[in-house]
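Structure assessment
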Amino acid sequence: MNREEIEGMLIDNSDEPYAAEIARAIAGRKRKGQKIDTTTKLAELIGETLAFLPEKERKEAVKKSCARVFQALRIDVNSEFEVLEAFLTKLPSCMAPGGTFHSGEDRLVKRAFKEGKKAGIYSEVAEDVIRPSSEECVKNPRAKSTKMRWAVRAEE
């Protein structure tokens, strides 16, 4: 993967705001023949790359960028968006008329639902995303990043 591909993956898969800087650093290490073969090495590289940020915001920015970079890599390695797109293509035939669907990977789902409504597959789609309450996030910290959308399959 070259610098442009890495940057694109970080943007497309995780909306990483420092994608260009991180991709440049990864590609630079690769050119020098230095392997990034552990998660610790990648996290350290991200920390070094974001050293230009003011000290009081750097720790949190590095933590968030590490999470986004690891997410982007997981999505790419597992072909998660391709699998999700294939699922969304098949979804209408799996739903009973009047059935609903709640979803995860928001950008793809939002687009598929919008296109499905335009094509008459769905009679109704969520206008706004539904987020977990603060109480739910306290009980289940993994819920913090979730978004839920719904669609109603059109009657035939």
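Residues numbered from 1 in each chain as written. Predicted model: local features only at pLDDT ≥ 70, side-chain atom pairs only at ≥ 80, totals over all residues. Heavy atoms only, no water.

**A closer look at the confidence of the model for the protein chain**
As a note on interpretation, predicted positions should not be read in detail where pLDDT is low. For the protein chain, mean pLDDT is 90; residues scoring 70 or higher make up 97% of the total. Per-element mean pLDDT across the protein chain ranges from 64 in strand β1 (residues 100–102) up to 97 in helix α3 (residues 39–49). (pLDDT = per-residue confidence, 0-100. Helix = DSSP H or I, 4+ residues; strand = E, 2+ residues; numbered from the N terminus.)

**Focus on the nonpolar core**
Ranked by size, the top nonpolar core spans 19 residues in total, and within it L10, I22, I26, L42, I46, L50 and V69 carry the most contacts. Elements with a contribution of two residues or more to this core: α1 (3–14), α2 (19–31), α3 and α4 (55–77). Among the nonpolar cores identified, the runner-up in size contains twelve residues, and L84, L91, Y122 and V125 belong to it. (Core = buried A, V, L, I, M, F, W, Y, C linked by side-chain atoms within 4.5 Å. Buried < 20%, exposed > 50% of the residue type's maximum accessible area, 1.4 Å probe, protein only.)

**What to know about the packing of α1 against α2**
One way to put it is that α1 packs onto α2 with a least axis distance of 8 Å and a crossing angle of 140°. The orientation of α1 with respect to α2, classified from their angle, is oblique. As α1 runs across α2, the sense of the crossing is right-handed. Counted together, R3, I6, E7, L10 and I11 of α1 and A19, A20, I22, A23, R24, I26 and A27 of α2 form the full contact between these two elements. Of the residues contributing to the contact of α1 with α2, the split by class is nine nonpolar, no polar and three charged. (Axes fitted to C-alpha atoms, helices over the stretch in contact; angles between N-to-C directions. Parallel < 35°, antiparallel > 145°, perpendicular 65-115°, else oblique. Left-handed = near helix turned anticlockwise from the far one by under 90°. Contact = heavy atoms within 4.5 Å. Nonpolar A, V, L, I, M, F, W, Y, C, P; charged D, E, K, R; others polar.)

**Focus: the packing of aromatic side chains**
A complete count under the given rule lists two aromatic pairs for this structure. Between Y18 and F52, the ring centres sit 5.9 Å apart and the planes meet at 75°, which makes this aromatic pair edge-to-face. Placement of Y18 in the loop between α1 and α2 and of F52 in the loop between α3 and α4 is noted, with a sequence separation of 34 residues between them. (Phe/Tyr/Trp six-rings, centres within 6.5 Å; stacked < 30°, edge-to-face > 60°.)

**Quick look at unusual backbone geometry**
A positive phi angle is found at D15, which is not glycine, with a value near 50°. With respect to the helices, strands and loops of the structure, D15 is situated in the loop between α1 and α2. Unlike most non-glycine residues, S79 shows phi in positive territory, near 50°. Its place among the elements puts S79 in the loop between α4 and α5 (80–94).

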